[in-house]
Amino acid sequence: MSSAARKTTFTVLVFFLVLALFVLTMQLGHVARLVPLKVVIPALVLVLFQLLLDLMPGLARRFAPFEQVDLPARKDIRSSRAASLDNRSFPQKETLAIFWILLAVVLIYLLGLLIGLPLYLFLYLKIPARESWRISVSTSIVFGGLLFIVFRLGLDTSLHQGLVPPLFWELIS
Amino acid sequence: MLVISWPNILYPIAGTLLAMMFSILPGLSGLTLMALAIPFTYAWEPLPVLLIFGAFVGGATFTGSITAILFNIPGRNSNAATMLDGYPLTQQGQSKTAIGCSAAASALGSTFGVIVLVLMIPLIRDAVLLFGPAEFLMLAVWGLMTIGVLARGSVIKGLITGCIGLLLAFVGFDPRTAELRYAFDSYYLRDGVSPVPVFLGIFALAEMIHLAATGRHTISGKTRVGELSGSVWQGCRAVFDNFGLFVRSSVIGTLVGMIPGIGATVASFVAYGHAAQSAGKDSSKFGRGDIRGVLAPEAANDAKDGGSLMPSLAFGIPGGAGTALLLVVLDIHGLAPGQQMLGDDLTLAFVLIWSMFISNWLTSLIGVAAVNPLARLTIMRTQFLIPIIVVLAILGAYIYEGRFGDVILAFVFGVVGYYMRFYGWPRIPLVVALVLGPLFENSLHITLKLHQLDRIDFWTRPITLVLVTLCIFSLALPSLQVLWSRSRVRKSDV
């Protein structure tokens, strides 16, 4: 997919989001929707206009005087963006980066903060960062220890326990 | 003398160090520390309590700026404005300059706020009583108008994201009818969307995705300390080179801080917007590493501390969350704001003020002393820093209110924020609108109701009219400047 097509796809997604918010707003009571309606209708008009600008470059150039960045600077932004999109490994790196953060969320959900976060740290340092075993393990242990001492012992904060550890303790007991 | 005498001076020093340690972690803040410290100080005398809590108020602000500048993680909402130009400066290898400027602007801004506070104590009552719902509404609108300035590159996209931010602020119960809006029967969304996880996701996590995807070797693009340009003294000097801007930003911070319920975020963003506007033709670097973009919000952020104490000490009306907690502390120790605080206990009021002042200077000096170790973080391999920052951001999102939903929210906005950055959709208007949305809606409802009941005439209130003029000026000026400069270029070509 070309860079222009991806840019337009994002605008289309924003349009559907605002449209969905408009539909939800109309389902509210008369008083509750008073202020949100005054916000969502202009948003809908603006996003439709933005979609037109994305689909019709000629129209976008006519509205350039109202944009606050000089045209040469916009060219630089566009060319660097296009260059990164043309790099085939870039979308893969992008997806991978998002995957790793999602993994952190999943690990915390399943194993809790005290186990999930140090485990995520270890896995990231070992696999994509390719650090040595010593650095990966020691960083994870130090971080996990600090987490426990500061939040659990020091502040007596209740940390998310996850799904697996409570089941595990139940099985053992 | 009471504050700097031995052993009283130990309290502001200890309070400052504690506040700095707390606020370096995203999601934690001086507010958390104040709340935790209350039970430990029940049995203390009023003097040490005021010394330490004054330090808590003053010590937390600057540290949040350090993480904003170095890692694009705002320690608090109010540090987000510093991030706009602070982080680009770090990416250019000028983190020392940014931190130096932030430290100097913070210390001097707080000095300005304290001086104004001390001079205005006799005049406080009349000033604060002039602000009503209509003025709050126009202040919120003025804050939202900065969207027009902050959405550099695309005003239309900025307005769209600002509207989305406002709609996000409306998630939860309607303030008038208690009807649930946009909650999808979710218990999590009933309480509304918290700004902190959104900030952490849309800036910190989005930036980490960007760093990982682009394969940038270090945050600064440099691999050795010697390659880093700029210096602390260059940053400090920038405050004096732009002294007019510093004074104006401090005035904005002090005035906004005086108004109850507005908060530091409005002060810092309004000051940033003003800095960008007042730069005129020389504003092209804003958002890409202009030192004035660090100076203005930092000065306003710390000047606000002095301003926010005014309504608190005079009437017991909190200027923000920090002063609200402070009032709780005063109450516990038998200190009443108002006549007692400004009369019989005036000495204690000044203890609080000077403790806050000393704390602001201490944090700036410590920050400057630590700038070299901090700058080293910008030459560390990003592949080592990324998981640490992700972990800190996720931890910050969870710790804020202890809800796993905040972690998911931070992740979602991390992905959204990354693609917004990639496709040139401004993120700042979304977060500004999210923070100002409740104030805007509540003030609008009250103002309209009072207007219907003929209890208020919007157009005869002088402060409201001044704010309306400022709003129109804020929105129109950038476009007029561009049209004016283009017409001058065409004339010179001819």
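Keep in mind it's a predicted model, so treat the numbers as computed, not measured.

1. Quick look at the overall build of chain B
Link 1 in the chain: Counting its regular elements, chain B contains 22 helices and two strands.
Link 2 in the chain: Of the contacts made within chain B by residues no fewer than 6 positions apart, 79% connect residues no fewer than 24 positions apart.
Link 3 in the chain: Summed over its atoms, the accessible surface of chain B is roughly 18,000 Å², and 66% of this surface lies on carbon and sulfur atoms.

2. A word on the overall build of chain A
Link 1 in the chain: When you go through chain A residue by residue, the secondary structure sums to eight helices and zero strands.
Link 2 in the chain: The helix and strand sequence of chain A, counted from the amino end, reads α-α-α-α-α-α-α-α.
Link 3 in the chain: Expressed as a percentage of its 173 residues, the buried residues of chain A come to 36%.
Link 4 in the chain: For chain A, the proportion of contacts with a sequence separation of at least 24, taken over those separated by at least 6, is 52%.
Link 5 in the chain: Accessible surface computed for chain A: about 10,200 Å², of which carbon and sulfur atoms make up 70%.

3. What about the nonpolar core?
Link 1 in the chain: Grouped together as the largest cluster of nonpolar side chains are 158 residues, with contacts concentrated most on Leu117(A), Leu430(B) and Phe440(B).
Link 2 in the chain: At 14 residues, helix H10 (residues 195-214) of chain B tops the list of elements feeding residues into this core.
Link 3 in the chain: Sequence-distant contacts of Leu430(B), defined by excluding residues within four places in its chain, comprise Thr161(B), Gly162(B), Ile164(B), Gly165(B), Leu168(B), Val198(B), Ile202(B), Phe413(B) and Met420(B).
Link 4 in the chain: Counting 35 residues, the second-largest nonpolar core is a separate cluster that includes Ala19(B), Leu327(B), Val329(B) and Leu348(B).

4. Some details on the interface of chain A and chain B
Link 1 in the chain: Counting residues at the interface gives 66 residues for chain A, matched by 65 residues for chain B.
Link 2 in the chain: Contact between chain A and chain B buries roughly 6,100 Å² in total, counting both sides, with carbon and sulfur atoms accounting for 76%.
Link 3 in the chain: For the interface between chain A and chain B, the tally reads zero salt bridges.
Link 4 in the chain: Across the chain A-chain B interface, the total number found is seven residue pairs in polar contact (both at pLDDT 80 or more).
Link 5 in the chain: When contributions to the side of chain A that touches chain B are tallied by element, the ones reaching two or more residues are helix H1 (3-26), helix H2 (34-55), helix H4 (71-86), helix H5 (89-111), helix H6 (113-126) and helix H7 (133-154) of chain A.
Link 6 in the chain: Along the lines of polarity and charge, the residues of the side of chain A that touches chain B split into 47 nonpolar, ten polar and nine charged.

5. Thoughts on the packing of aromatic side chains
Link 1 in the chain: In this structure the tally under the stated criterion is 21 aromatic pairs over all chains.
Link 2 in the chain: Measuring from ring centre to ring centre gives 5.4 Å for Tyr109(A) and Phe404(B), while their planes differ by 40°; the resulting arrangement is tilted. Residue Tyr109(A) is found in helix H5, and its partner Phe404(B) is found in helix H20 (residues 404-422); the two belong to separate chains.
Link 3 in the chain: Following the ring pairs from residue to residue traces out a cluster consisting of Phe10(A), Tyr418(B), Tyr419(B), Phe422(B), Tyr423(B) and Trp425(B).

6. Brief notes about the pattern of salt bridges
All names here are of chain B.
Link 1 in the chain: Across all of its chains, the model carries nine salt bridges over all chains by this definition.
Link 2 in the chain: Among the ionic pairs, Arg-403 bridges to Glu-401, the shortest N-O distance being 2.9 Å.
Link 3 in the chain: A relative accessible area of 42% means that Glu-401 is categorised as partly exposed.

7. Some details on helix H4 (residues 80-91) of chain B
All names here are of chain B.
Link 1 in the chain: Compared with the 16 Å implied by 1.5 Å per residue over twelve residues, the 16 Å span of H4 between its first and last C-alpha is a close match.
Link 2 in the chain: Within the span of H4, buried status applies to Ala-80, Ala-81, Thr-82, Met-83, Leu-84, Asp-85, Gly-86, Tyr-87, Pro-88, Leu-89, Thr-90 and Gln-91.
Link 3 in the chain: Just beyond H4, the residue with positive phi is Gly-93, at close to 80°.

8. What to know about H20(B)
Residue and element names in this part refer to chain B.
Link 1 in the chain: Along its 19 residues, H20 runs 28 Å from first to last C-alpha, staying within 8% of the 27 Å computed at 1.5 Å per residue.
Link 2 in the chain: Across the 19 residues that make up H20, a large majority, 15, are buried.
Link 3 in the chain: Two residues or fewer past H20, Gly-424 is found with a positive phi of approximately 75°.

9. Here we look at the state of the cysteines
A covalent bond between the sulfur atoms of two cysteines is referred to as a disulfide.
Residue and element names in this part refer to chain B.
Link 1 in the chain: Per the stated rule, a full pass over the model turns up zero disulfides over all chains.
Link 2 in the chain: Sulfur of Cys-101: no disulfide; nearest cysteine sulfur belongs to Cys-236 and is 7.9 Å away.
Link 3 in the chain: What makes Cys-101 buried here is its relative accessible area of 0%.

10. Quick notes on unusual backbone geometry
Excluding glycine, most residues fall at negative phi; most peptide bonds, likewise, are trans.
Residues and elements named next belong to chain B.
Link 1 in the chain: At Ala-178, a position not held by glycine, the phi torsion is positive, near 60°.
Link 2 in the chain: With respect to the helices and strands, Ala-178 occurs in the loop between strand E1 (172-173) and strand E2 (180-181).
Link 3 in the chain: Not every positive phi belongs to a glycine, and Tyr-182 is a case in point at roughly 55°.

11. Quick look at the confidence of the model for chain A
All names here are of chain A.
Link 1 in the chain: With 80% of its residues at a pLDDT of 70 or more, chain A shows a mean pLDDT of 81.
Link 2 in the chain: Per-element averaging of pLDDT across chain A places H4 at the bottom with 44 and H6 at the top with 93.
Link 3 in the chain: Within the model, pLDDT remains below 50 along residues 65-80, and this stretch shows 26 contacts once partners closer than five positions in the same chain are excluded.
Link 4 in the chain: Long-range and interchain partners of residues 82-86, a stretch whose pLDDT sits below 50, account for six contacts in this model, where long-range means more than four residues apart.

12. Details of the side chain of Thr8(A)
Link 1 in the chain: Mapped onto the elements, Thr8(A) comes out in helix H1.
Link 2 in the chain: Residues within four places of Thr8(A) in sequence aside, it is in contact with Leu51(A), Asp54(A) and Leu55(A).

13. A look at the environment of Leu166(B)
Link 1 in the chain: Within the element layout of this structure, Leu166(B) appears in helix H8 (residues 155-169).
Link 2 in the chain: The buried category is assigned to Leu166(B), whose relative accessible area is 9%.
Link 3 in the chain: Sequence spacing of Leu166(B) and Glu441(B) is 275 residues, and the spatial spacing of their C-alpha atoms is 9.2 Å.
Link 4 in the chain: Every residue in contact with Leu166(B), bar those within four places of it in the chain, is listed here: Val39(A), Leu144(B), Ala433(B), Gly437(B) and Phe440(B).

14. Considerations on a nonpolar patch on the surface
All names here are of chain A.
Link 1 in the chain: Side chains of Leu-102, Val-106, Tyr-109, Leu-110, Leu-163, Val-164, Phe-168, Trp-169 and Ile-172 sit close together on the surface and give an oily, nonpolar patch of about 840 Å² of accessible area.
Link 2 in the chain: At the level of secondary structure, the elements contributing two or more residues to the nonpolar patch comprise H5 and helix H8 (164-172).
Link 3 in the chain: If you trace the backbone, Leu-102 turns up in helix H5.

15. A closer look at the confidence of the model for chain B
All names here are of chain B.
Link 1 in the chain: Residue-level pLDDT values for chain B average 79, and 81% of them are 70 or greater.
Link 2 in the chain: Element-level mean pLDDT values for chain B span from 62 in helix H6 (residues 124-129) up to 92 in H20.
Link 3 in the chain: Across the interface, the model reports ipTM at 0.86; the global pTM reads 0.75.

16. Thoughts on the environment of Ile202(B)
Residue and element names in this part refer to chain B.
Link 1 in the chain: Here Ile-202 is to be found in helix H10.
Link 2 in the chain: Between the C-alpha atoms of Ile-202 and Gly-113, which are 89 residues apart in sequence, the distance is 31 Å.
Link 3 in the chain: What Ile-202 contacts, discounting residues up to four positions off in sequence, is Phe-413, Gly-414, Gly-417, Met-420, Arg-427, Leu-430 and Val-431.

17. Describing the side chain of Glu94(A)
Link 1 in the chain: Relative to the helices and strands, Glu94(A) resides in helix H5.
Link 2 in the chain: Assessed through its relative accessible area of 2%, Glu94(A) is described here as buried.
Link 3 in the chain: Discounting residues that sit within four places of it in the chain, Glu94(A) has contacts with Arg6(A), Ile209(B), Ala213(B), Tyr418(B), Tyr419(B) and Phe422(B).

Parameters at a glance
Residues numbered from 1 in each chain as written. Chains lettered and ligands numbered in written order. Predicted model: local features only at pLDDT ≥ 70, side-chain atom pairs only at ≥ 80, totals over all residues. Heavy atoms only, no water. Helix = DSSP H or I, 4+ residues; strand = E, 2+ residues; numbered from the N terminus. Contact = heavy atoms within 4.5 Å. Areas by Shrake-Rupley, 256 points an atom, 1.4 Å probe, with all protein chains shown as cover. Buried < 20%, exposed > 50% of the residue type's maximum accessible area, 1.4 Å probe, protein only. Core = buried A, V, L, I, M, F, W, Y, C linked by side-chain atoms within 4.5 Å. Buried area = accessible area lost by both parts, 1.4 Å probe. Salt bridge = Lys/Arg side-chain N within 4 Å of Asp/Glu carboxyl O. Polar contact = N/O pair within 3.5 Å; in protein donor to acceptor, adjacent residues only side chain to side chain. Nonpolar A, V, L, I, M, F, W, Y, C, P; charged D, E, K, R; others polar. Phe/Tyr/Trp six-rings, centres within 6.5 Å; stacked < 30°, edge-to-face > 60°. Expected span 1.5 Å × (residues − 1). Disulfide = S-S within 2.5 Å. pLDDT = per-residue confidence, 0-100. Patch = residues over 30% accessible without salt bridge, like charges linked within 9 Å, V, L, I, M, F, W, Y side chains within 5 Å.

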